[in-house]
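Read off the chains here:
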Amino acid sequence: MTGRARRAAGTVRPAPQEERGDVQDTIDLQDFLKLRGVVETGGEAKFRVQGGEVHLNGEVETRRRKKLRRGDVVEYAGHVLKVDF
C-alpha cells in the first residue's frame, strides 16, 4: 500500500516524539532570511542562496532548504544573524 493510500485509509501513525523534535527545532535557510527581513521574497532568497551569497557558520551555503538549528550563524549582505528561537 502506498503512503497516499495509507493516509486515505487513516492508518498513518505520527512519528515518535524524538523524531518530531528535530523538525520543530529547525527552519529552512530561505525562510529564515525572509523572516529576518534581509530579503523581501522567497524568490530573492532562492536567488541569493543558490548564487553563493549566503554564508552559514563561516562557509558558503547554496542549499536554500538547508535546515538551520539554534546557534547557527548566517551572514548575508553585511548582516550577521544568529539563529535563536
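As shown above, the structure is provided for reference.
Rules used throughout
- Residues numbered from 1 in each chain as written.
- Predicted model: local features only at pLDDT ≥ 70, side-chain atom pairs only at ≥ 80, totals over all residues.
- Heavy atoms only, no water.
- Pairing = 2+ DSSP bridges.
- Helix = DSSP H or I, 4+ residues; strand = E, 2+ residues; numbered from the N terminus.
- Core = buried A, V, L, I, M, F, W, Y, C linked by side-chain atoms within 4.5 Å.
- Buried < 20%, exposed > 50% of the residue type's maximum accessible area, 1.4 Å probe, protein only.
- Contact = heavy atoms within 4.5 Å.

Draft legend 1. How the structure looks around the pairing of strand β6 (residues 79-82). Pairing of strand β5 (residues 73-76) with β6 involves four bridges; the strand directions are antiparallel. Bridge assignment links Val73 to a residue of β6, and that residue is Lys82. Where β5 folds back onto β6 in an antiparallel hairpin, the turn is made up of two residues, including Ala77, whose phi is positive at roughly 50 degrees.

Draft legend 2. Structural view of the sheet that holds β5. The antiparallel open sheet is built from four strands, whose spatial order is β3-β2-β5-β6. Here the strands that pair on one side only, and so sit at the sheet edges, are β3 (59-60) and β6.

Draft legend 3. How the structure looks around the nonpolar core. One finds Leu29, Phe32, Leu33, Val54, Leu68 and Val74 to be the most contacted residues of the largest nonpolar core, which totals 15 residues. Here this core takes three residues from helix α3 (residues 29-35), the largest share from any one element. Ignoring any residue separated from it by four or fewer positions in sequence, one finds Leu29 in contact with Val49, Val54, Glu61, Arg63, Arg64, Lys66, Leu68 and Val74.

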